[in-house]
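# Structural overview for review
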Amino acid sequence: MHRHFEGEDSMIFAGEPERIRLLRDLDGDRVADKSTVFADQFNKPADGIGAGVLVRGEDVYFTCIPSLWKLRDVDGDDVSDRAEELSTGYGVHIALRGHDLHGLRFGPDGRLYFSVGDRGVNLTTKEGKHLYLPHTGAVFRCEADGSDLEFFCTGLRNPQELVFDDYGNLFTGDNNSDGGDRARWVYLVQHGDTGWRFHYQYLESPWVRGPWNDEKLWHPHHQGQAAYIVPPIANFINGPSGLTYYPGTGLSSEYNNHFFLCEFRGNATSSGVMSFDLIPQGASFAMNAPERFLWGTLSTDIDFAPDGSLYFTDWVHGWNKSGKGRVYNARWSSEEGRSNSEAVVQLLAEGFGHRGTLELMELLAHRDRRIRQRAQFALADLGSGGLSGFVKILRKSRERMDRLHAIWGVAQVERKLKVGGKNIAELPESITGRRMTYVSSSPFLQSASVRDNLLYGLKYRPLRPAAYDDEEAPKRKRDFVEAAGAGNIDFDYQADWIDYEAAGVADSSELFERMVEILDVVELSDD
């Protein structure tokens, strides 16, 4: 588009690259001593503002319209050596500055979530699915490798960042259009539409912003609310930007279940960080009175450090680039909330891949959500061993948090099961019901014995004929003739239908041992 209308002048957009800079505090004094450009190859004319970065293990996820990237430093020199474009096609038209690709966050289900402003999307996923939504902003989710990309919800204008609470609910602050409307605090519901359309920005009559104002689409729930949208929880602040949620350590207990949202208004005097919590209200939530948590800084983003302190970025002044950006670290002055900080730092630094199943199960009940989530992900990576751990927690624990993480973990393991390259949860019943035995998080059990349910998928045709005596054989032969004459199959239900080879065993005795192994995974072997 730039080339078509601006010719050679369009190359101005390739002048300055977007950069990811890695800062290191080498001596532990909370001041950066080393700065390295981790990656800076994002300077094509179509590349937008680099607006999202997220680290998980050795992988660095980066959003820069038109693409979602996964980067990695292979040789340990603090510079990215490998760049994989996970998906591309975001930002199909020009819009207001900053309506870009951002909001990277791993959800409790193990998927990667991110958002795009109302510049829209037009892309083809790795699986060949066409995602087309050019007229509004949206939230997406995919697996860590970029597969199974899908819409999560739509109807957004410019959601800068996303955040989950401890119970898996997803929220964002969505900016207003400067047309008499107000910014929104939005509960993001799967398949939900929150109402905004790109062209509303340019409607001036008969109503400024058209239906957006005329039908009060940006208002919290009210009488006469449009039925097709999910209304916002509240109209809240001006210029919502960076967003995070208290992980459970670092602050005092009064901040449990609290959100921290940056308010960016172009000058430090009227900008800062707001803190608040929510209470359930029907199918949604209500907001308790917010407070100024940190004020007098033109903050653009905020997040918790491993030790429970807070990092926040300061734009310093104005809306245009000032070249004066800063990164601050703030700590809670009292000891409350920091008592577990050293243990959290150590756990996060050591990682979770080397820990045993029992230890990971115990960590699912940890006070700090970052520990709980990483323990959950590590258990899910163990496959059947991790599944056994999740099941034990669901059967025996009475604690809310570890049971929630166990439920999410079971779903993670389930999604990793593939048949012919397809997710087992999406296969038709003709496959899962007749050709294999599988217990999902919502299984169907026949009205039969446990043995019959386990062996059902191994019985698809008679493999070994039944033995009949001289008296019974003619009768059975007559039954077969009658079945064939009526157009029915003449399979003998008395024959041995079990496919031992498919079960990986040689005979019925080995099959019994294999059944006990399977039942032991779900703690039913003694039954």
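Description of the structure in this document. Starting afresh in each chain, residues are numbered from 1 along the sequence in its written order. For a predicted model such as this one, the threshold for reporting local features is a pLDDT of at least 70, and the threshold for listing and counting side-chain atom pairs is 80 or more; totals across whole chains, interfaces and linings nevertheless cover every residue. Only hydrogens and water are set aside; all other atoms, that is, all heavy atoms of the structure, feed into the side-chain values.

## Section: the overall build of the protein
Only DSSP runs of H or I covering at least 4 residues are called helices, and only runs of E covering at least 2 are called strands; the numbering of each starts at the N terminus. Per the secondary structure count, the protein includes 12 helices and 29 strands. Principal-axis analysis of the C-alpha atoms gives the protein an extent of 100 × 60 × 50 Å. Only protein chains enter the area calculation, which uses a 1.4 Å probe; residues under 20% of their type maximum are buried, those over 50% are exposed, and those in between are partly exposed. Burial analysis of the protein (527 residues in total) assigns 46% to the buried set. Only heavy atoms enter the contact rule, under which two residues are in contact if any of them lie within 4.5 Å. Within the protein, contacts between residues at least 6 apart in sequence are counted, and of these 52% link residues at least 24 apart. Computed with a 1.4 Å probe, the accessible areas rest on the Shrake-Rupley method; for each residue, only the protein chains presented here act as cover. Summed over its atoms, the accessible surface of the protein is roughly 27800 Å², and 51% of this surface lies on carbon and sulfur atoms. Distance between charge centres in the protein, computed from 58 positive and 79 negative side chains, equals 2 Å. In this count, Lys and Arg are taken as positive residues and Asp and Glu as negative ones, while His and the chain termini are left out. By convention, the point assigned to a charge is CZ for Arg, NZ for Lys, CD for Glu and CG for Asp.

## Considering the pattern of salt bridges
Salt bridges, as used here, are contacts in which a Lys or Arg side-chain nitrogen is within 4 Å of a carboxyl oxygen on Asp or Glu. With the rule as written, the count across this model stands at 28 salt bridges. Put simply, arginine 24 and aspartate 78 hold a salt bridge, and the shortest N to O gap is 2.9 Å. Of the two residues, arginine 24 sits in strand E1 (residues 18-24) while aspartate 78 sits in the loop between strand E5 (67-72) and strand E6 (82-88), which places them 54 residues apart along the sequence. For arginine 24, a relative accessible area of 36% puts it in the partly exposed group. The class of aspartate 78 is buried, set by a relative accessible area of 7%.

## Observations regarding the side chain of histidine 405
Along the chain, histidine 405 falls in helix H7 (residues 400-416). Residue classification places histidine 405 among the buried positions, given a relative accessible area of 1%. Polar contacts, as counted here, are pairs of nitrogen or oxygen atoms within 3.5 Å of one another; within protein the pair requires one atom able to donate a hydrogen and one able to accept it, and residues that are adjacent in sequence qualify only if both atoms are side-chain atoms. Side chain to side chain, histidine 405 and arginine 372 meet in a polar contact 3.2 Å long. Setting aside its immediate chain neighbours within four residues, histidine 405 contacts Leu364, Arg372, Gln373, Gln376 and Phe390.

## With respect to the nonpolar core
Throughout, nonpolar core names a set of buried Ala, Val, Leu, Ile, Met, Phe, Trp, Tyr and Cys residues whose side chains join them through atoms within 4.5 Å. Counting 21 residues, the largest nonpolar core has Leu68, Tyr90, Leu112, Phe114, Phe140 and Leu149 as the members making the most contacts within it. Elements represented by at least two residues in this core include exactly strand E7 (101-106), strand E8 (112-116), strand E9 (121-124), strand E10 (130-133) and strand E11 (137-142). Setting aside its immediate chain neighbours within four residues, tyrosine 90 contacts Ile65, Pro66, Ser67, Leu68, Leu101, Phe114, Val116, Gly120, Val121, Leu123, Phe140 and Leu149. Membership of the second largest hydrophobic core comes to 18 residues, among which are Val344, Leu363, Ala378 and Phe390.

## So, the packing of helix H5 (residues 369-381) against H7
Close contact between H5 and H7 brings their axes to 9 Å; oriented N to C, the two are set at 35 degrees. H5 and H7 meet at a crossing whose hand is right-handed. Contacts between H5 and H7 involve Arg372, Gln373, Gln376, Phe377, Ala380 and Asp381 from the former and Met401, His405, Trp408, Gly409, Gln412, Val413 and Lys416 from the latter. When residues are grouped by polarity, Ala, Val, Leu, Ile, Met, Phe, Trp, Tyr, Cys and Pro land in nonpolar, Asp, Glu, Lys and Arg in charged, and all others, Gly among them, in polar. Residues that form the contact of H5 with H7 fall into these classes: 5 nonpolar, 5 polar and 3 charged. For helices, the fitted line uses only the C-alpha atoms of the stretch in contact; every axis is such a line through C-alpha atoms, and the angle between N-to-C directions lies from 0 to 180 degrees. Throughout, a crossing is termed right-handed when the near helix is turned clockwise from the far one, and left-handed when it is turned anticlockwise from it by less than a right angle.

## Re a negative patch on the surface
Only residues above 30% relative accessible area that lack a salt bridge enter a patch, with like-charged residues linked at up to 9 Å and the nonpolar side chains Val, Leu, Ile, Met, Phe, Trp and Tyr linked at up to 5 Å. Together, Asp25, Asp27, Asp29 and Asp33 make up a negatively charged patch on the protein surface. Residue position: aspartate 27 is located in the loop between E1 and strand E2 (34-42).

## Section: the side chain of arginine 372
The residue arginine 372 is located in helix H5 in this model. Non-local contacts of arginine 372, meaning those with residues more than four positions away in its chain, are made with Asp166, Leu363, Leu364, Ala365, His366, Arg367, Met401 and His405.

## Observations concerning the sheet that holds strand E4 (residues 59-64)
By definition, the strands of a sheet pair up through backbone hydrogen bonds, in either a parallel or an antiparallel sense. Spatial strand order, E3-E4-E5-E6: 4 strands in an open sheet with antiparallel pairing. Two strands lie at the open edges of the sheet, namely strand E3 (50-56) and E6, each paired on one side alone. When the angles between neighbouring strand axes are averaged without regard to direction, this sheet yields 20 degrees. Direction of pairing for E3 relative to E4: antiparallel, over a ladder of 6 bridges. When the sheet's bridge partners are listed, arginine 56 is paired in E4 with aspartate 59. Note on pairing: DSSP must find at least two bridges between two strands before they are called paired.

## A short note on the state of the cysteines
Linking two cysteines covalently via their sulfur atoms produces the bond known as a disulfide. By disulfide we mean two sulfur atoms from cysteines, separated by a distance within 2.5 Å. Within the structure shown, the criterion is met by 0 disulfides. Here cysteine 64 is not disulfide-linked; the sulfur of cysteine 142 is the nearest cysteine sulfur, at 17 Å. In this structure cysteine 153 is not part of a disulfide, and its nearest cysteine sulfur, from cysteine 142, lies 15 Å away. Here cysteine 153 falls in the buried class, since its relative accessible area comes to 3%.

## Description of the packing of aromatic side chains
Classification of ring pairs rests on two measures: the distance between centres of Phe, Tyr or Trp rings, Trp counted by its six-membered ring, which must be within 6.5 Å, and the angle between planes, read as stacked under 30 degrees, edge-to-face over 60 and tilted in between. The full count for this structure, using the stated rule, is 32 aromatic pairs. A ring pair is formed by tyrosine 90 and phenylalanine 140, whose centres lie 5.3 Å apart and whose planes are at 80 degrees; its orientation type is edge-to-face. Of this pair, tyrosine 90 sits in the loop between E6 and E7 while phenylalanine 140 sits in strand E11, placing them 50 residues apart in sequence. Pair check on accessibility: tyrosine 90 and phenylalanine 140 agree, each one buried. Aromatic side chains tyrosine 187 and phenylalanine 285 sit 5.1 Å apart centroid to centroid with 85 degrees between the ring planes, which places their arrangement in the edge-to-face category. Taken as a pair, tyrosine 187 in strand E15 (residues 184-188) and phenylalanine 285 in strand E21 (residues 284-287) lie far apart in primary sequence, 98 residues in all. An aromatic cluster is present here, built from Phe171, Trp185, Tyr187, Phe236, Tyr245, Phe259, Phe276 and Phe285 joined pairwise through their rings. Over a ring means this: the NZ of a Lys or the CZ of an Arg is within 6 Å of the ring centre and within 35 degrees of the ring normal. A cation over a ring is seen here: arginine 56 above phenylalanine 106, with NZ or CZ 4.3 Å from the ring centre. Directly above the ring of tryptophan 196 sits arginine 157, whose terminal nitrogen or CZ lies 5.5 Å from the centroid.

## Some details on the pairing of strand E17 (residues 240-245)
With 6 of 6 residues buried, E17 lies mostly within the body of the structure. By the bridge criterion, 4 bridges tie E17 to strand E18 (residues 259-263) in an arrangement that is antiparallel. For proline 240, the partnering residue across the bridge sits in E18 and is glutamate 263.

## Considerations on the pairing of strand E24 (residues 310-314)
Residues Leu310, Phe312 and Asp314 of E24 are buried on one face, while the alternating residues Tyr311 and Thr313, pointing to the opposite face, are not. Bridge analysis of strand E23 (residues 299-304) against E24 gives 5 bridges, and the strand direction is antiparallel. Among the inter-strand pairings, aspartate 303 is bridged to a residue of E24, identified as tyrosine 311. Linking E23 to E24, which pair antiparallel, is a turn of 5 residues; within it glycine 308 sits at a positive phi near 90 degrees. Sheet topology places E24 next to strand E25 (residues 326-330); 5 bridges connect them, and they run antiparallel. Paired with tyrosine 311 across the two strands is asparagine 329, which belongs to E25.

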